[in-house]
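Analysis of the macromolecular model
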Amino acid sequence: MYDVIVIGARCAGSPTAMLFARQGYRVLLLEKVRFPQDTLSSHYLHMQGVALLNRWGLLDTVRDTGCQPITRESYQAPGVRIEGFSLPMDGQQTTYAPRRYVLDPILAEGAVAAGVEFRESCAVNDLLFEDDRVVGVRYTTPGGVEATDRARLVVGADGMRSLVARKVGAPKVIEHARATCVYYSYWAGVPAIFELYERPGRWVAVVPTSDDLNLIMTYFPQDEFPAVRKSVEPAYLEAVRSTAPDLYERMSGGQRVEQMYGTGHQENFFRKAYGPGWVLVGDAVNHKDSITARGITEAWVQAQSLTGYIGERLHDDTALTGALRRYENDLSGEAFSHYQGALNVAELKPEGRVEMLRKLVGHQEQIDRYFSTLSGACSIDDFYNDELLTLLDQS
């Protein structure tokens, strides 16, 4: 019998398992694949995520992989260009965007070092119930044998298509239509910082990542997905050429070193976060368009929040329910704000944003504060302070 079983060992599951184990709980972590294995991702760790990684003692391990440090960011749209960077958080001033075949094993190793029992290549097939309470899991081992294990709490960290959510019938309490589709690849020999480009109907991002490569991503409106998927590379290159011509020129001197990757299935929702014997974290509880690259960071924020609220309350029914309720209530604050922000950017209509950003040109402190709203170093409410409002009124 375990205290906690966590299903899914990527960015939500491994930190959740690690933090529970550090509290003294007996934890089983199940993952359907064998690491290292890549997955669709924008890779970026916002400053808030970097601060958590440092707090957990894992940041140096990520740095030691040779992942490129990111210390500057630019945004360009018709009529405006700004450059700056997020304000620091907890002493951290640099961000990173490691490949997932680099990051995910580090997180899992951190969980194991904390005492978690980690089993790879284990496909969870079902949950065990007693009355209406989840009490365990049924899964298939790497050898093809069906096994069961029981726990006080089962954590679904199993992504947008969460089996846990499906089996418990967790409803979507907030949902919006898909907004964009995205295609990307990895390039060598393209000098770049962290760069964002936008025009009506297009968004392009350049993210320095592992192995001295740059991830170059293109976003299109969802209704263009059927056409784009039939001619991915031409659509990708044309999006860059028409949105970021200077980047396009740099790419002509570089080389694409991997295949094209992409998806048109970026759901936008919040699910009911918990119930008797179960709770959801990461993309399982809240998924949104990847255009703001908040997924990894928010999974870590949720892991910290969930385990912090539960603390020593796991085996007290009333206290546990209260802790899970507080965790769910937290999602309606900062997480919902970032959800709304992602939906706004995913409309691919930069006009209002451009008008505001033009007024920031020449005011570096405000530019850095703007970049900080996405990084988690500054809330939207704090960004729109009296000084900024005065500046916007005067412009």
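Presented here is an overview of the structure given in this document. Predicted model, so just to flag it, every value in this text is computed and none were measured.

1. Some words on the packing of aromatic side chains
This structure, assessed with the given rule, holds 13 aromatic pairs. Ring geometry for Y370 versus F383: centroids 6.0 Å apart, planes at 55°, classification tilted. Separated by 13 residues along the polypeptide, Y370 in helix α12 (residues 364-375) and F383 in helix α13 (residues 380-383) bring together distant segments of the chain. Classification of Y370 as buried rests on a relative accessible area of 17%. In this structure an aromatic cluster arises from ring pairing among Y184, Y186 and Y261. In this arrangement the basic side chain of R26 is found over the ring face of Y2, its NZ or CZ atom lying 4.1 Å from the centre.

2. Things to note about α12
Here α12 is 12 residues long and its end C-alpha atoms lie 17 Å apart, about the 16 Å a rise of 1.5 Å per residue gives. Among the residues of α12, Q366, I367, D368, R369, Y370, F371, S372, T373 and S375 are the ones counted as buried.

3. Overview of the environment of S379
Structurally, S379 is set in the loop between α12 and α13. A polar contact is formed between the side chain of S379 and the backbone nitrogen of D382, at a distance of 3.0 Å.

4. A closer look at the pairing of strand β4 (residues 80-84)
Residues V80, I82 and G84 point to one face of β4 and are all buried, whereas R81 and E83, pointing to the other face, are not buried. Inspection of the sheet shows strand β3 (residues 73-77) paired to β4 by five bridges, in the antiparallel sense. Opposite E73, over in β4, you have G84 as the bridge partner.

5. Quick word on the pairing of strand β16 (residues 268-271)
Burial along β16 is two-sided: N268 and F270 facing one way and F269 and R271 facing the other are all buried. Inspection of the sheet shows strand β9 (residues 172-176) paired to β16 by four bridges, in the antiparallel sense. Residue pairing for β16: I174 is matched across the bridge by F270. With two bridges joining them, β16 and strand β19 (residues 286-287) adopt antiparallel strand pairing.

6. Some remarks on the environment of P171
Topologically, P171 is positioned in the loop between α5 (163-168) and β9. For P171, a relative accessible area of 42% gives the class partly exposed. Residues P171 and S41, 130 residues apart in the sequence, show an inter-C-alpha distance of 25 Å.

7. Notes on the layout of surface pockets
Of the pockets and cavities examined, the largest pocket occupies roughly 1200 Å³. If you go around the largest pocket, you meet 47 residues; those closest to its centre are T39, L40, G159, M160 and D283. For the lining of the largest pocket, the secondary-structure elements that each account for two or more residues are β6 (123-130), β10 (180-188), β19 and α9 (295-310). Per element, the largest residue contribution to the lining of the largest pocket is three residues, and it comes from α9. Residue composition of the lining of the largest pocket, by class: 21 nonpolar, 15 polar and 11 charged. Computed from the structure, the second largest pocket encloses a volume of approximately 690 Å³. Considering the residues around the second largest pocket, the lining is formed by 28 residues, among which G341, Y370, T373, L374 and I380 are closest to the centre. Elements with a contribution of two residues or more to the lining of the second largest pocket: β3, α10 (317-346), α11 (351-358), α12 and α13.

Thresholds applied
Residues numbered from 1 in each chain as written. Predicted model: local features only at pLDDT ≥ 70, side-chain atom pairs only at ≥ 80, totals over all residues. Heavy atoms only, no water. Phe/Tyr/Trp six-rings, centres within 6.5 Å; stacked < 30°, edge-to-face > 60°. Helix = DSSP H or I, 4+ residues; strand = E, 2+ residues; numbered from the N terminus. Buried < 20%, exposed > 50% of the residue type's maximum accessible area, 1.4 Å probe, protein only. Lys NZ or Arg CZ within 6 Å of the ring centre and 35° of its normal. Expected span 1.5 Å × (residues − 1). Polar contact = N/O pair within 3.5 Å; in protein donor to acceptor, adjacent residues only side chain to side chain. Pairing = 2+ DSSP bridges. 1 Å grid on protein atoms, 1.4 Å probe; cavity = no way out; pocket = protein on both sides within 12 Å on 5 of 7 lines; lining within 4 Å. Points joined across faces, edges and corners; volume = space filled by probe spheres on them. Nonpolar A, V, L, I, M, F, W, Y, C, P; charged D, E, K, R; others polar.

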